[in-house]
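What follows is each chain in one-letter form.
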Amino acid sequence: MPMTIITGALLIGCALLYLGLALFTVDRRALAAIRGNLSRGVTQDQTTAKPNAGFLAELGRRLTPESYLRRLDRLLSLAGRPASMPLERLLALKPGLALCGAGIAVLFALNPNPIMKLLALAIFVVSYFLPDLLLVSQGQKRQQELQYELPNTLDQMLISVEAGLGFEGAVARAGENGKGPMAEELIRTLQDMQVGRSRREAYTALTHRTKVPELRSFVQAVVQADTYGIAISQVLRVQAKVMRVKRRQRAEEKAMKLPVKILFPLLFFIFPVLFIAILGPTVINAIAQFGGA
């Protein structure tokens, strides 16, 4: 089969998979409720019902083992539990995309070429695990943002504590003034304490929702300070200094890795072009002279 036909079929398959993903991730009930409330002048949606994924969600839950279900819930937690992708919708999305991928894979499997049959199998597997890959990517991006924002957040909390606020007040101030996932996690931690959970339980839940080593170290320091009665300002000062040092070390590490990352583009893309531009005329002239001789 010509390569152009294979490439075109792959592009069409990717487009269909993306279309299916987009159709499943849009919460049409919530969107309709928001539009209705905005038309009535309501600024906050209080009538949005839980998304009902229906048959596909039940099928996905039956086909998913309990251990894999816990893994999906963990991926959603690391990704910040996006509102457009609750667990029920994710369970409905996976078999739906698998059915779409199976329909595309059948077209490739009809070809007698064994490579096309392997490609059909790969399309089916990728279509089923595509939501997992997207969640892993979003979770990694979110954890990097948490790691980057943590030193600045600790500095803000240290300033608030030294200005006379209590620790919870400093956390609330940092969550209100901050943006991004770090502020969201701080606000959620305060909400956990407001509903009756202890400080230890709330901050332990924070470490379970993330996998940033620096944040885990900070939470352990706060819990120990609360247990042994250590001044929280001293803990914040030490932790903020350590986080700034670690951020500088990570920047130096990335700078040291940069020459290695540039090496392969230089060898395979830039050097060949330079050699052609520099040695090309010389080689052409030598071929012409020897050919004439």
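Reading the values: the criteria
Residues numbered from 1 in each chain as written. Predicted model: local features only at pLDDT ≥ 70, side-chain atom pairs only at ≥ 80, totals over all residues. Heavy atoms only, no water. Helix = DSSP H or I, 4+ residues; strand = E, 2+ residues; numbered from the N terminus. Buried < 20%, exposed > 50% of the residue type's maximum accessible area, 1.4 Å probe, protein only. Contact = heavy atoms within 4.5 Å. Areas by Shrake-Rupley, 256 points an atom, 1.4 Å probe, with all protein chains shown as cover. pLDDT = per-residue confidence, 0-100. Phe/Tyr/Trp six-rings, centres within 6.5 Å; stacked < 30°, edge-to-face > 60°. Core = buried A, V, L, I, M, F, W, Y, C linked by side-chain atoms within 4.5 Å.

Novice: So what exactly am I meant to see when it comes to the overall build of the protein here?
Specialist: A tally of helices and strands in the protein yields 11 helices and zero strands. Each helix and strand of the protein, ordered N terminal to C terminal, gives the series α-α-α-α-α-α-α-α-α-α-α. When each of the 293 residues of the protein is scored for burial, the buried share is 33%. Pairs at least 24 residues apart make up 63% of the contacts formed inside the protein by residues separated by at least 6 positions. Accessible surface, the protein: about 18,600 Å² in total, of which carbon and sulfur atoms supply 65%.

Novice: Can you walk me through the environment of valine 222 in this structure?
Specialist: Positionally, valine 222 belongs in helix α10 (residues 213–228). When its relative accessible area of 1% is taken as the criterion, valine 222 is described as buried. Here the alpha-carbon distance between valine 222 and isoleucine 232, two residues 10 residues apart in the chain, equals 7.3 Å. In this structure valine 222 touches Phe167, Arg199, Ile232 and Val235, once residues within four positions along its chain are discounted.

Novice: Which parts of the structure should I look at to understand the confidence of the model for the protein?
Specialist: One rule of thumb: low pLDDT means the predicted coordinates there are not for detailed reading. This prediction gives the protein a mean pLDDT of 82; 81% of its residues lie at or above 70. For the protein, helix α2 (residues 28–39) is the element with the lowest average pLDDT, namely 59, and helix α8 (residues 181–194) is the one with the highest, namely 92. Across residues 41–52, where pLDDT falls below 50, the model places 16 contacts with residues more than four positions away in sequence or in other chains.

Novice: Would you mind showing me how to read the side chain of aspartate 192 here?
Specialist: In this structure, aspartate 192 sits in helix α8. Residue classification places aspartate 192 among the buried residues on the basis of a relative accessible area of 13%.

Novice: Whenever I open this one, the packing of aromatic side chains confuses me. Can you help?
Specialist: The geometry of an aromatic ring pair is captured by two quantities: the separation of the ring centres and the angle between the planes. Scanning the model with the defined rule gives four aromatic pairs in all. An angle of 80° between the planes, with centres 6.5 Å apart, marks the rings of tyrosine 68 and phenylalanine 129 as edge-to-face. Taken together, the positions of tyrosine 68 in helix α4 (residues 66–78) and phenylalanine 129 in helix α6 (residues 114–162) put the pair 61 residues apart, joining distant regions of the chain. Judged by relative accessible area, which is 36%, phenylalanine 129 ranks as partly exposed.

Novice: Would you mind showing me how to read unusual backbone geometry here?
Specialist: Among all residues save glycine, negative phi is the norm, and among peptide bonds the norm is trans. Phi is positive for arginine 81, close to 50°, though the residue is something other than glycine. For arginine 81, the position within the fold is in the loop between α4 and α5 (87–109). Judged by its relative accessible area of 37%, arginine 81 falls in the partly exposed class.

Novice: Quick question: what am I supposed to make of the nonpolar core here?
Specialist: Where a protein is soluble and globular, its nonpolar side chains tend to be buried together. Core analysis: the biggest nonpolar cluster contains 30 residues, and Leu154, Met157, Phe167, Phe218, Ile232 and Leu236 have the highest contact counts within it. Counting residues per element, this core draws most heavily on α10, which supplies seven residues. Each residue touching methionine 157, except ones within four places of it in the same chain, is listed here: Phe167, Ala170, Val171, Ala174, Phe218 and Leu236. Grouped together as the second largest cluster of nonpolar side chains are 13 residues, Leu75, Leu76, Leu90 and Leu135 included.

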